[in-house]
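# Observations on the model geometry
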Amino acid sequence: MTAALDGLTAEYTNSPFAGLAETPAPAVAGGAAGATLALPVAESPFAGPAAEGTRGDAEAEADLLEALYDEDFADALAALVDEAAAKHLADQSAWSSRLTEAEALSELEEWVEPLALAAEHGVDRMAQALETSRPETMGDGVLQRFLEDAAGPPALGSEAFDHFLGGFLKKAASVVGGAVKAVGKAVGKVLPIGAVLKKLGGIVRPLLKKMLGLVIGKLPAAVRPIARSLAAKLGIKEAEAQPDAVAALAEALDRELAALVTRPDAVPGEALEDESWETELWRESPDPVGEYDAARARLAHQLTTLPPGASASPPIQQFLPALAAVWPVVKLAITFIGRDKVVKFLADRIADLVKGLIGAEAAKLVVPPLVDLGMGAIGLEAEAEADATGVPARQALAGEALVSTVEGTVHGALQLLPVDSFGDELALDAAVQAAFAEAAAAYLPDRLLQRTLAERETAEDGGMWVLMPRGVRPRRYRRYSQDWTVPVTRQVARAIRWSDGGTLETRLLDRGLHSWPVLVQVRLYEAVPGTHLGHLARGEAGEDGEHIDAAEFQALTPEVAGLLLREPALGKPGIPAAAGRPAPAGGAVRPRPLPGRRLYRLRVVGPGAARASRVRTLRRVLVSLDPTRGQLRISVRLSERQAHELLAKIRPTDPAKPRDLAGVLTATRAVYAPLLTGVLADRLVRRGLVPDATAARGVGERVTESVTSAISAHLAQHAAALATAAQDPAAGVTISVAFSGATRDGLLKPMVAGQVTVTPGWQVRA
């Protein structure tokens, strides 16, 4: 089992470079770059002299991919997936019956077509600009800016489109720029730059096609990763056990780009179309999420219509394979234990535990508490009186609650049970009972629970988790039936981390709120198999069409639930770091909605709500690492508010007051210091650039202190540059610190002095 899974997941790190074609070497000429400027394919255009003979091919290729990696582009791709998911849910909701896969894909392709055309035209404009210039005479930075300016991406009226387009064209410019710089040392096989650009344009549509595939369930991002806890039990390497579909797609693009400049026979889209980077776990069904949706609705109907005395075991047995197809921890455990044995055992035990709640009469016990929770609060009043099978809507809701309890019991039991006890029926029975108590406390009304039940999620009578959105299908997430309106003090806001690397305090301050406490409404959500954050954004938009940024949904951990709501049991722990690996202090700006993960969104409702403005969500700290060139750049993004606070310290309005450069350094360090060490260490370990986690932590700490030293020295000499950037009309300021000598070996040594640049606005790439 482990070996098979290792073989499947290893596809994410294997080299895409199978070998280089031997072709005669054409002459290198100046002038018309699109026609004659050529690129050596016998060596990476990103490799420096140190690459020759000093590292294995695997390390060289890993360094090439690291040079292409762009955190902002990965976030842009995730945002595009969320927008597409919202569009898909809207399309499904507009029709009385579920759209076929072909119909859904056609709607999405029409929606994304302007983006595809804009990306292709941008690459074409790069090619035209190169034909009338001498790019080989330009420096790296000048050439990069020249190509990006030549692409001139238009505004498409969608932040997700614009962010993705800008990121893609920056990647294209980086690849072409590296190719042009390599021409000067061409000593063997060469490929015309024009051919590289043509192939770059051919990548766009395969990439977008794959992106849409994530949305319609071909490779659902929310269900694909394997739960780390079980993976660790089965001996699967943690780094391989948690691949993220969006991140894997971004890496597949980088492999495409690398192939274009190292393989003259590379076909555009080949690496993206090659499904070796997709795990076999999700190829058994063409539409696993759709089949799971249907199986969930079918079981809900069966559990509320079974005749008296009938067992729920047979329908539960029929449901579990569909659940396993979309929930990795379930699939792995069933595969490991044995399908027939575990499915029947789980179904029998769960059927015995819920027997008092199945059937039409028993299900009525669930309905009154649901009504008391407030039908209108979650849109239940908008549902038809009966579903397609004739089951009353309220009874169908009771069936959904029972199915959620079944799902939670199965998942919880298989997580609780040690792998050594999979064959122990008594241990499995104990795990099922414990998991059932926890699931019932979450998905059934409190009125049905014992007051002394330790697993209850709230101290007093609370709500329950209801499948949403109501009135339409498919259901794509759960929402807690109760909202909270609570005051948030500055101290609490400062203690709650935000996924962009800041805190709830910085988020609220950047939105223009200055008085404390802030009165907010908190709404809670739970992901199910197939959930994208775009589903939540669309489902919660409201009748007024309010646009909700998917990045507003944040992970609800027990710590956050305790601080915000004083109910820590409503939160779910985040995915723990593997043993020996540093816990990242900041990741993607969107938390991954893995099945069972809890999320929250808060909205300011008290004084100051009218002043609260929307804030763009980008990472506060960016790391750009190119080991082949030995270049490391750390970029710190300061919001407009933060920039003006620093300006006031550099140029006080009171002439008698001295400038406070120490305060400027302290405030700037407060932005990056809590993040940088962990983020960089995690990145180095994931990419295999350092020997172990201890070394990675040491590198992270040294870089963090070197950034502080560089900014301190810069402020002492050039504080006016920061003041000027803060006064610029562009929103915010970016402070970048560049280090040389950051090769694999160099990272383990003391850092050289960093070079600081300050630019107005939030630079989109480090």
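Residues numbered from 1 in each chain as written. Predicted model: local features only at pLDDT ≥ 70, side-chain atom pairs only at ≥ 80, totals over all residues. Heavy atoms only, no water.

### Focus on the overall build of the protein
Here is the rule: Helix numbers and strand numbers start at the N terminus; a helix is a DSSP run of H or I with at least 4 residues, a strand a run of E with at least 2. The buried label applies to any residue whose accessible area, calculated with a 1.4 Å probe on protein chains only, is under 20% of its type's maximum; exposed applies above 50%, and partly exposed to all values in between. Using a 1.4 Å probe, the Shrake-Rupley method yields the accessible areas, and only the shown protein chains count as cover for residues.
If you tally the helices and strands in the protein, you get 27 helices and 12 strands. In the protein, which comprises 766 residues, the share counted as buried stands at 57%. Working note: accessible area of the protein is about 30,400 Å², and carbon and sulfur atoms make up 54% of it.

### Focus: unusual backbone geometry
Residue Pro 469 is reached from Met 468 by a cis peptide bond, and omega for that bond is -5°. When you line up the elements, Pro 469 lands in the loop between strand S3 (465-468) and strand S4 (477-480). Residue Pro 517 is bonded to the preceding Trp 516 through a cis peptide linkage, with omega at -5°. Note that Pro 517 resides in the loop between helix H22 (504-510) and strand S6 (518-527).

### Thoughts on the confidence of the model for the protein
Convention followed: One confidence number per residue, pLDDT, is output by the predictor and ranges from 0 to 100. Between two residues, a contact is recorded if the distance between any of their heavy atoms is within 4.5 Å.
Looking at the protein, pLDDT values average 78 and 75% of them are 70 or higher. Averaged over each element, pLDDT in the protein is lowest for helix H1 (residues 2-9) (30) and highest for helix H24 (residues 558-565) (97). Per-residue pLDDT stays below 50 along residues 1-36; that stretch engages in 73 contacts with residues further than four places along the chain or on separate chains. Note on residues 183-191: pLDDT under 50 across the span, and 31 contacts to partners over four residues away in sequence or across chains.

### Concerning helix H27 (residues 693-727)
Counting along an α-helix, one turn takes 3.6 residues, and residues three or four places apart therefore face a common direction. Put simply, the rule reads: To estimate how far a helix should reach, multiply one less than its number of residues by 1.5 Å. One axis fitted to the seven residues ending at a residue, another fitted to the seven starting there: the angle between these axes is the bend at that residue. N or O atoms closer than or at 3.5 Å make up a polar contact, with two conditions inside protein: a donor-capable atom paired with an acceptor-capable one, and, for residues adjacent in sequence, both atoms drawn from side chains.
With 35 residues, H27 extends just 41 Å between its outermost C-alpha atoms, more than 12% less than the 51 Å of an ideal straight helix rising 1.5 Å per residue. The sharpest bend along H27 comes to roughly 90°, located at His 718. The backbone nitrogen of Thr 694 has a side-chain oxygen 3.2 Å away, supplied by the residue at the start of H27, namely Asp 692.

### Side note on the packing of helix H13 (residues 288-305) against helix H14 (residues 313-326)
In helix packing, the relevant descriptors are the interaxial angle and the interaxial distance, both defined with respect to the helix axes. Quick note on the threshold: To get an axis, fit a line to the C-alpha atoms, keeping to the stretch in contact for a helix; angles then go from 0 to 180 degrees between the N-to-C directions. Roughly parallel refers to an angle under 35 degrees, roughly antiparallel to one over 145, roughly perpendicular to one between 65 and 115, and oblique to any angle outside these ranges. By the definition used in this description, the sense in which the near helix is turned from the far one sets the handedness, with an anticlockwise turn below a right angle giving left-handed and a clockwise turn giving right-handed. Residue polarity is assigned by list, with Asp, Glu, Lys and Arg as charged and Ala, Val, Leu, Ile, Met, Phe, Trp, Tyr, Cys and Pro as nonpolar; anything else, Gly included, falls into the polar class.
Between H13 and H14, whose axes approach to 9 Å, the crossing angle comes to 155°. Here H13 lies roughly antiparallel to H14, going by the angle between them. The interaxial crossing formed by H13 with H14 has left-handed handedness. Within the contact between the two elements, H13 uses Pro 288, Val 289, Glu 291, Tyr 292, Ala 295, Arg 296, Leu 299 and Gln 302 and H14 uses Pro 315, Ile 316, Gln 318, Phe 319, Ala 322, Leu 323, Ala 325 and Val 326. Considering only residue class, the contact of H13 with H14 consists of 12 nonpolar, two polar and two charged.

### Section: the side chain of His 88
With respect to the helices, strands and loops of the structure, His 88 is situated in helix H3 (residues 71-93). Residue His 88 is classed as buried on the basis of its relative accessible area, which comes to 10%. Apart from the residues lying within four places of it in its own chain, the contact partners of His 88 are Ala 104, Leu 108, Val 215 and Ile 216.

### Focus on the pairing of strand S8 (residues 598-604)
The condition that has to hold: Note: two strands are recorded as paired if DSSP finds a minimum of 2 bridges between them.
Within S8, six of the seven residues are buried, leaving the element largely enclosed by the surrounding structure. The pairing of S6 with S8 spans seven bridges and is antiparallel. If you follow Gln 521 over to S8, its bridge partner there is Arg 603.

### Structural notes on the sheet that holds strand S12 (residues 755-760)
Overall, antiparallel pairing links the four strands, which are arranged S9-S10-S11-S12 in an open sheet. Each edge of the sheet is formed by a strand with only one pairing partner; in this case those strands are strand S9 (621-626) and S12. On average, each strand axis in the sheet is inclined to that of its neighbour by 15°, with strand direction left out of account. Bridge analysis of strand S10 (residues 631-638) against strand S11 (residues 733-739) gives seven bridges, and the strand direction is antiparallel. Within S11, the residue paired with Arg 637 across the bridge is Thr 734. Relative to the sheet, H27 contacts S10, S11 and S12, its axis offset from that of S11 by approximately 135°.

### Concerning the packing of aromatic side chains
The test is simple: Two rings from Phe, Tyr or Trp (for Trp, the six-membered ring) form a pair when their centres are within 6.5 Å of each other. A pair whose planes differ by under 30 degrees is stacked, one over 60 is edge-to-face, and the rest are tilted.
As enumerated under the stated definition, the model contains eight aromatic pairs in all. Look at Tyr 292 and Phe 319: their rings are 6.4 Å apart centre to centre, the planes differ by 35°, and that puts the pair in the tilted class. A residue pair is termed long-range when its members are at least 10 positions apart, and Tyr 292 in helix H13 and Phe 319 in helix H14 qualify at 27 residues. Residue classification places Tyr 292 among the buried positions, given a relative accessible area of 0%. Residue Phe 319 is classed as buried on the basis of its relative accessible area of 1%.

### Some points on the pattern of salt bridges
Side-chain pairs of opposite charge can arise whenever the charged atoms involved come near each other. Selection criterion: By definition here, a salt bridge exists when the distance from a side-chain nitrogen of Lys or Arg to a carboxyl oxygen of Asp or Glu is within 4 Å.
As enumerated under the stated definition, the model contains 41 salt bridges in all. Here Glu 540 and Arg 479 are joined by a salt bridge, their closest N and O atoms 3.3 Å apart. One end of the pair, Glu 540, is in the loop between helix H23 (533-539) and strand S7 (554-555); the other, Arg 479, is in strand S4, with 61 residues separating them in the sequence. You can call Glu 540 buried: its relative accessible area is 9%. With relative accessibility at 6%, the residue Arg 479 sits in the buried group. For Glu 701, the salt bridge is made with Arg 697, and the minimal N-O distance between the two is 3.7 Å. Taken together, the residues span about one helical turn, with Glu 701 and Arg 697 both in helix H27 at a distance of four residues.

### Observations concerning the nonpolar core
Filter applied, for reference: Side-chain atoms within 4.5 Å are what join buried Ala, Val, Leu, Ile, Met, Phe, Trp, Tyr and Cys residues into a set we call a nonpolar core.
Formed by 57 residues in total, the largest nonpolar core has its most connected members in Phe 164, Phe 168, Leu 197, Leu 200, Leu 208 and Met 211. Counting residues per element, the ones that place at least two in this core are helix H2 (57-68), H3, helix H4 (101-131), helix H5 (140-151), helix H6 (159-183), helix H7 (193-201), helix H8 (204-216) and helix H11 (245-262). It is H4 that provides the largest number of residues to this core, a total of 11 residues. In this structure, Ala 300, Ala 324, Val 466 and Leu 467 belong to the second largest nonpolar core, which totals 50 residues.

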